[in-house]
Amino acid sequence: MKFVLLLTVFVTVVTFANAAEPILISDFEGTDYGNWKSTGTAFGIGPAHGKLDGQMPVEGYQGRGLVNSFMGGDNATGTLTSPLFKIERKFITFLIGGGGWADETCMNLVVDGKVVRTAAGPNTVSGGSERLEPAAWDIGEFAGRKATLVIIDQRQGGWGHINVDQIVMTDDRGSVPIVVPPVPVARNVIRNLMIEKKLLHFPVKTGSKHRVVTVSVDGKVVRRFDIELADEDVQWWAPMDVSEWTGKMLTVIADVLPVNSKALDTLRQADTLIDSENLYQEPLRSQLHFSPKRGWTNDPNGLVFYNGEYHLFFQHNPYGWNWGNMHWGHATSHDLVHWKEHSEALYPDEQGPMFSGSAVVDWNNTSGFGKDGKPPLVLIYTAAGNPTVQSIAYSNDGRSFTKYSQNPVIKQISGGNRDPKVFWHELTKQWVLVLYVEAPGKQHTIHFFNSPNLRDWKLASITKGGIDGDKYLFECPDFFELAVDGDVSKKKWVLTAANSEYAIGTFDGASFTPEHSRLADVRGVGFYAAQTFSDIPNNRRIQIGWSQAPSPGMSFNQLQTLPCELTLRTTSDGVRLHREPVKELEALRDGPNQANSLATFRSELIEMRAEIEPGQAGKFEFILRGAKISYDLKEQVILVNGHRAPAPMVNGKQNLVVFVDRTMLEVFASDGLTYVPMPFISKPQDQSVLANAQVGDDAPNIRLQVYKLKSSWTE
Ligand code: FRU
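Rules of the game
Residues numbered from 1 in each chain as written. Predicted model: local features only at pLDDT ≥ 70, side-chain atom pairs only at ≥ 80, totals over all residues. Heavy atoms only, no water. Pairing = 2+ DSSP bridges. Helix = DSSP H or I, 4+ residues; strand = E, 2+ residues; numbered from the N terminus. Buried < 20%, exposed > 50% of the residue type's maximum accessible area, 1.4 Å probe, protein only. Contact = heavy atoms within 4.5 Å. Polar contact = N/O pair within 3.5 Å; in protein donor to acceptor, adjacent residues only side chain to side chain. Near = heavy atom within 4 Å. Areas by Shrake-Rupley, 256 points an atom, 1.4 Å probe, with all protein chains shown as cover. Nonpolar A, V, L, I, M, F, W, Y, C, P; charged D, E, K, R; others polar.

### Focus on the sheet that holds strand E25 (residues 354-361)
Read from one edge to the other, the open sheet built from 4 strands follows the order E25-E26-E27-E28, with strand pairing classed as antiparallel. Because the sheet does not close on itself, it has two edges, and the strands there are E25 and strand E28 (402-403). Pairing of strand E26 (residues 377-383) with strand E27 (residues 389-395) involves 7 bridges; the strand directions are antiparallel. Bridge pairing links Thr382 to Gln390 in E27.

Spelled out as structure tokens, the structure:
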């Protein structure tokens, strides 16, 4: 009796003391599976030692043995079932790899005949890795119950196997991640809608899973895109123009969706944007720069002056905050300053998404697309499908666009051929098309084509765009002629690339001859893919670039820089591109120069001009809305929020022009030789300008102008 009691106490104490000790279910170090039961052939007669015949190297398992159902290759199937065990800890941790097919290549925890937990490997597409990764299940709710583990391989073909090792029950899973239970999904979820309004709005939640949406009318697919659909908790609404199908039934199919997703139920029709009460006044909406109402923009496209309007087309993802679904968005302006956004100009089609390109006015109607004796507007773009080709579209009213029925006009040269820039070459009386072609071995080349009519193109020459070694000009070429120092008898051709590097040289209508190595141009951050306007009266050469300035948390993202006028001027290093913001921007000035009342000056949007004769001062700085712009006289270097750029003085002076907006600032120095665009998220409360914050012995002589600016948005 005494003995029995003692023993009971002893057992209790032992159990208690061991409560946190992990329990090993199996580490598969034996020569066979012990009391686990195997069916089929995939698991062989016992644990594998690393990779099996024909398998990629297997890593991440512990010791020598592991479960590896590649026995006999991917086509073999089978199951491996553990003996019954009691759930006595909070977690089961394990290592798992191989196929990622729910129900088919997985390990299940079965309690009372029901699968209560499941985990699969990470791989479903070719490539991938055979590495096993740690994972855990939280099993606390099943404490005291009996369970089995079933490792399943019922999949044949690619990644039709599963790898498992080191199965442990434990109260402490450390940093091992809990397996996220797979959400049951449905394929091809359908919603039919009768179109009654101009816009159909899709619910978006940036960061959620990408879904493929197909929209059909009369049994024909009319739109297809990728979208981060909000299953619930809509963050913003992405509009799709459906006005052309008014009165028709539209079928929207989403693939795949969680079975309980509300995404398609919440589709909304309206004639205007949803949540547009504060359109263009959103906290991170820049006020001097163009950005789309909704969605993402990158490169400016097809910049052209047509029928008295400036057209700004732009790479646009109408359905997402990030890059994708490339359309040509469209906006127009009468003054380069106030922009009005229209419907999409080019939608993705069977040839692929609409990548970057240019536009021209076909004054002599060489293309035959003109109507009623008026010249057509012709867009030349890359359709980036497989193959990737160059195609054209035209318009007779600057609003609606028709794709040429015989597209493409240039077939694929290499998968990386894109971004056609077209212009009329007056001397040789023909069209010229400048195309970026990524040649084999990732070499960058620029191909020149000629055409009499914008439809038929002949290769004329290939250049690398500079005379030095193996470094060539990159994508998004632009090509134009400029007078040197304003002297029209001394003109030079300029070839620019997306990263703003450029070459100056001569052009005979067929080939470009650079006169020197590539030159660096823009000195800021996030400036890319700039283009200049075609067909502007008075030969002004005006450029807009993509500014990679983000607007986190907004329903739109990225913007276009201020329009700048380009000139070629002689410097001590030779002829160089210069840039100044167009004079039309003066229309945004809200009142007179405020330089004499800086102490009380407050403005969100600022233009500052400073003409500086430095005297003995070593350095000086300006602080605009917290952004620090300082100039080091000795080094002749400008620092914009710590970012350095060379900025030589010109005739003993430094001329600075600064524009400050909500998400970017632009600094022009050295009479426009140095351009420093800079993403910058301003603080709403910080609206002051500190000028002439002198650093050094002697005050520089500064002629200052500071203006409050108005928003350029008028809608
Ligand atoms: C440059 C670029 C182009 C391409 C476009 C696609 O930013 O990659 O070369 O046409 O963007 O959006």
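### Things to note about the environment of Asp485
With respect to the helices and strands, Asp485 occurs in the loop between strand E33 (478-484) and strand E34 (487-496). We classify Asp485 as partly exposed; its relative accessible area is 42%. When residues no more than four places from it in sequence are discounted, the contact partners of Asp485 are Lys490, Leu568, Arg569 and Thr570. A distance of 2.5 Å separates a polar atom in the side chain of Asp485 from a polar atom in the side chain of Thr570.

### Digging into the site of the ligand
Close to the ligand lie 13 residues, the nearest being Asp299, Gln315, Trp323, Arg418 and Asp419. Separating an oxygen atom of the ligand from a side-chain N or O atom of Gln315 is a distance of 2.6 Å. Interatomic distance of 3.1 Å between a side-chain N/O atom of Glu475 and an oxygen atom of the ligand. Here the ligand, which alone exposes 320 Å², has 91% of that area covered by the protein. Elements with a contribution of two residues or more to the shell around the ligand: strand E21 (295-306), E25 and strand E29 (416-425). Within the shell around the ligand, the residues separate by chemical class into 6 nonpolar, 3 polar and 4 charged.

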